[in-house]
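# Summary of the model geometry
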Amino acid sequence: MITNPVTNANSDRSIRRKKKKKSAAAMSNENHQPSHAKWKSEAQQQIYSSKLIQALSQVSLNNNNTGSSSASALRRGRAVREAADRALAVAAKGRTRWSRAILTSRVKLKFRKQKRCRGSAAATVAAVTGGSRSRKPRFSVSKLRAKSLPTVQRKVEVLGRLVPGCRKQPLPVILEEATDYIAALEMQVRTMSALADLLSGSGAASSSSAPPPTSQ
């Protein structure tokens, strides 16, 4: 049987056009859907759960050699919090300002530590050589400006400081990012609560299934 190449080419083009239309329709539906609605789905919670478990396993591996003091407990708690936030930002795929700010915060913190170390070394050298001069106390211009701002604008600035990456953004951007960030935090709380219940249940089951101690 001889096939017509022109007919086959036209059919291939029509198939490709249908696929493009379907993908464009899916993308438009995803864009029209509110960004915070995805955090309420079970699929998104499962994705975050897997990423959270991976991040927490890395934290446990890094903190195996630490002691049992209160300082090390605080460090572990801070590390768990940072790992949970990073997993949340990874689950957001960097599509929002707050997720990109969380992902880039570790790099900025590293540079700040290096700058702080250099500053302390320079201060030590200046103290030894006697080259440091007495400085007059500086007044914070931002605090003086904050007192003169209206109440609504002060609240907007506070909200911008609470949402990562929104410190200097306009009000519509802050509200949009805050809505998505709050929904993501609610999903984070649900996931971590379920994980804590699962771990406590497995621990209770293992302790109850352990054989009783034998009397000597």
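Refer to the structure above for everything that follows.
Reference entry: report on the structure contained in this document. Remember, it's a predicted structure, so these values are computed and weren't measured experimentally. (Residues numbered from 1 in each chain as written. Predicted model: local features only at pLDDT ≥ 70, side-chain atom pairs only at ≥ 80, totals over all residues. Heavy atoms only, no water.)

### Section: the nonpolar core
Our working rule: The term nonpolar core refers to a set of buried residues drawn from Ala, Val, Leu, Ile, Met, Phe, Trp, Tyr and Cys, joined through side-chain atoms within 4.5 Å. Categorising residues by exposure relies on relative accessible area from a 1.4 Å probe, with only protein chains included: less than 20% of the type maximum marks a residue as buried, more than 50% marks it as exposed, and the intermediate range marks it as partly exposed. The secondary structure listing takes helices from DSSP runs of H or I that are at least 4 residues long and strands from runs of E that are at least 2 residues long, numbered from the N terminus. Residue contacts are counted whenever heavy atoms from the two residues lie within 4.5 Å of one another.
By size, the foremost hydrophobic cluster in this structure holds 20 residues, and its most contacted members are Trp39, Tyr48, Leu88, Trp98 and Val163. At the level of elements, helix 2 (42–62), helix 3 (70–91), helix 4 (97–129) and helix 7 (171–209) are the ones that each hand at least two residues to this core. The biggest single contributor to this core is helix 7, with seven residues. Ignoring sequence-local partners within four residues, the contact set of leucine 88 consists of Trp39, Tyr48, Trp98, Ala184, Leu185, Met187 and Gln188.

### Describing the packing of aromatic side chains
Geometrically, a pair of aromatic rings is defined through the distance of the ring centres and the angle of the planes. Heads up, the rule is: Classification of ring pairs uses Phe, Tyr and Trp, with its six-membered ring standing for Trp, and accepts pairs whose centres are within 6.5 Å; under 30 degrees between planes counts as stacked, over 60 as edge-to-face, and the remaining range as tilted.
For the structure shown, the criterion picks out two aromatic pairs. Relative to tyrosine 181, the ring of tryptophan 98 lies with its centre 5.1 Å away and its plane at 50°, an arrangement referred to as tilted. In this pair, tryptophan 98 is assigned in helix 4 and tyrosine 181 in helix 7, connecting sequence segments 83 residues apart. Note on tyrosine 181: relative accessible area 13%, which makes it buried.

### Here's the deal with a positive patch on the surface
Under the convention used in this document: In this analysis, a patch consists of residues with relative accessible area above 30% that form no salt bridge, clustered at 9 Å for like charges and at 5 Å for the nonpolar side chains Val, Leu, Ile, Met, Phe, Trp and Tyr. Here the accessible surface of atoms and residues is derived via Shrake-Rupley with a 1.4 Å probe, and residues count as covered only by protein chains that are part of the display. For this document, the term salt bridge refers to a Lys or Arg side-chain nitrogen within 4 Å of an Asp or Glu carboxyl oxygen. The charged-residue count follows a simple rule in which Lys and Arg add positive charge and Asp and Glu add negative charge, with His and chain termini not counted at all. In plain terms, the charge of a residue is placed at NZ if it is Lys, CZ if Arg, CG if Asp and CD if Glu.
Residues Arg13, Arg16, Arg17, Lys18, Lys20 and Lys21 make up a contiguous surface patch of positive charge. With respect to the secondary-structure elements, arginine 17 resides in helix 1 (residues 5–32).

### What to know about the side chain of glutamine 188
Applied cut-off: Throughout this description, a polar contact denotes any pair of N or O atoms lying within 3.5 Å of each other; where both atoms belong to protein, one of them has to be capable of donating a hydrogen while the other can accept it, and for residues adjacent in sequence the pair is counted only when both atoms sit in side chains.
Inspection of the secondary structure assignment puts glutamine 188 in helix 7. Separated by 2.8 Å, the side chains of glutamine 188 and arginine 81 make a polar contact.

### Things to note about helix 3
The line we're drawing: Helix span, as expected, comes to 1.5 Å for every residue beyond the first.
With 22 residues, helix 3 should reach 32 Å at 1.5 Å per residue; the first-to-last C-alpha distance of 32 Å fits that figure. Buried residues of helix 3: Ser72, Ala79, Ala83, Ala84, Asp85, Ala87, Leu88, Ala89 and Ala91, and no others. Lysine 93 sits one or two residues past helix 3 and shows a positive phi near 60°.

### Let's talk about the side chain of glutamine 45
Relative to the assigned elements, glutamine 45 resides in helix 2. When neighbours within four sequence positions are excluded, glutamine 45 is seen to be in contact with Met187, Arg190 and Thr191.

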